[in-house]
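# Breakdown of the fold
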Amino acid sequence: MKSELGAVGEVSAAEDFRLAMRFHAAGVAIVTVTSDRGTAGFTVSSLASLSLRPPAVSFNIAHRSSSMPVLQASDTAVIHLLSAGQEELARRFSGPADERFADRSLWRRSAGSVPVLHDVPVRFHVRLVDRIPIGDHSVVVCAVEQVFAAHADLPASRPLVYRDGCYQSG
């Protein structure tokens with residue numbers, strides 16, 4: 001069987017899939033978590049709405065991620081939706097783990113001690129419901145417990161999106 005992008009085979013299919021997904025624009029978010037294994041934060045472009053009643057979202061994380069041990073041991077997280085102009089923040093949380101929380105002016109601890117980033121237009125405080133391993137990633141299912149949004153700013157805000165290996169204004 002042949003695909004439009006090339007022959008289907010494990011290596012070729014992975015490369016074809018990666019190339020095809022570069023075409024898909026996705027919103028950018030940062031997930032922060034705390035557990036007895038420490039504090040972690042990471043950038044995702046896989047956030048998806050799962051349910052309105054009850055509110056639920058999901059995101060994906062690579063099994064090899066340095067944040068995975070902290071995420072596995074945590075029950076809660078904060079998901080921050082980024083706006084255009086927050087590319088530097090997205091890059092920080094997709095870069096070296098020891099630099100993600102280095103600038104204390106960018107965040108504070110919530111009542112549950114999970115880091116909360118300043119100046120993001122929307123954030124969800126979530127309960128981690130399930131982690132489903134699929135291939136080299138896990139899908140993390142989250143029940144949304146609280147939503148914080150700068151409603152006055154949302155109509156004028158443009159989301160930060162990731163497409164074709166680049167951050168862009170949505």
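Before reading on, note that the structure itself is shown above.
A few points on the structure. (Residues numbered from 1 in each chain as written. Predicted model: local features only at pLDDT ≥ 70, side-chain atom pairs only at ≥ 80, totals over all residues. Heavy atoms only, no water.)

## Side note on the pattern of salt bridges
- All chains considered together, the criterion is met by three salt bridges.
- Between Arg22 and Asp164 there is a salt bridge, and its shortest N-O distance comes to 2.9 Å. Note that Arg22 is positioned in the loop between α1 (10-21) and β3 (26-27) and Asp164 in the loop between β13 (160-163) and β14 (166-169), a separation of 142 residues in sequence.
- Exposure remark for Arg22: the relative accessible area of 37% places this residue in the partly exposed category.
- By relative accessible area, Asp164 is classed as partly exposed at 38%.
- Of the charged contacts in the structure, one is a salt bridge between Arg91 and Glu87, with a shortest N-O distance of 2.7 Å. Here the residue Arg91 and the residue Glu87 both occupy positions in helix α3 (residues 87-92), the gap between them amounting to four residues, near one helical turn.
- Relative accessible area serves as the criterion here: at 46%, Arg91 is assigned to the partly exposed category. (Salt bridge = Lys/Arg side-chain N within 4 Å of Asp/Glu carboxyl O. Helix = DSSP H or I, 4+ residues; strand = E, 2+ residues; numbered from the N terminus. Buried < 20%, exposed > 50% of the residue type's maximum accessible area, 1.4 Å probe, protein only.)

## Remarks on the nonpolar core
- Grouped together as the largest cluster of nonpolar side chains are 21 residues, with contacts concentrated most on Val31, Phe59, Leu71, Ile79, Val126 and Cys142.
- Listing elements by their share of this core, those giving two or more residues are β4 (29-35), β5 (38-44), β7 (56-62), α2 (68-72), β8 (76-81), β11 (122-134) and β12 (137-149).
- Here Cys142 is in contact with Pro55, Ala56, Val57, Phe59, Ile79, Val126, Arg127, Leu128 and Val129, once residues within four sequence places are set aside.
- Judged by nonpolar contacts, the second largest core, of twelve residues, contains Leu82, Trp107, Leu117 and Tyr167. (Core = buried A, V, L, I, M, F, W, Y, C linked by side-chain atoms within 4.5 Å. Contact = heavy atoms within 4.5 Å.)

## As for the sheet that holds β13
- The three strands lie next to each other as β3-β13-β14, forming an open sheet whose pairing is antiparallel. Where the open sheet ends on each side, the last strands, each with one partner, are β3 and β14.
- As paired strands, β13 and β14 are joined by four bridges and run antiparallel to one another. From the neighbouring strand, Val161 faces β14, where its bridge partner is Gln168. (Pairing = 2+ DSSP bridges.)

## Quick word on the packing of aromatic side chains
- All chains considered together, the criterion is met by four aromatic pairs.
- Taking the centre distance of 5.2 Å and the plane angle of 75° together, the rings of Phe101 and Trp107 count as edge-to-face.
- By relative accessible area, Phe101 is classed as buried at 14%.
- Through pairs of rings, three or more aromatic residues link up here, namely Phe93, Phe101 and Trp107.
- Note that Arg104 overlies the ring of Trp107, its terminal NZ or CZ placed 4.0 Å from the centroid. (Phe/Tyr/Trp six-rings, centres within 6.5 Å; stacked < 30°, edge-to-face > 60°. Lys NZ or Arg CZ within 6 Å of the ring centre and 35° of its normal.)

## Looking at the sheet that holds β4
- Sheet architecture is open: seven strands sit in the order β5-β4-β8-β11-β12-β7-β6, paired in antiparallel fashion. Either end of the sheet is taken by a strand with one partner, and the two such strands are β5 and β6 (48-51). Taken over all neighbouring pairs, the strand axes of this sheet differ in orientation by 35° on average, direction set aside.
- Bridge count for β8 against β11 is six bridges, and the pairing is antiparallel. Bridging across to β11, Ile79 finds its partner in Phe124. (Axes fitted to C-alpha atoms, helices over the stretch in contact; angles between N-to-C directions.)

## Describing the pairing of β11
- Across twelve bridges, β11 lies against β12 in antiparallel orientation. From the neighbouring strand, Ile132 faces β12, where its bridge partner is Val139.
- The hairpin formed by β11 and β12 contains two residues between the paired strands, and Gly135 there has a positive phi angle of roughly 60°.

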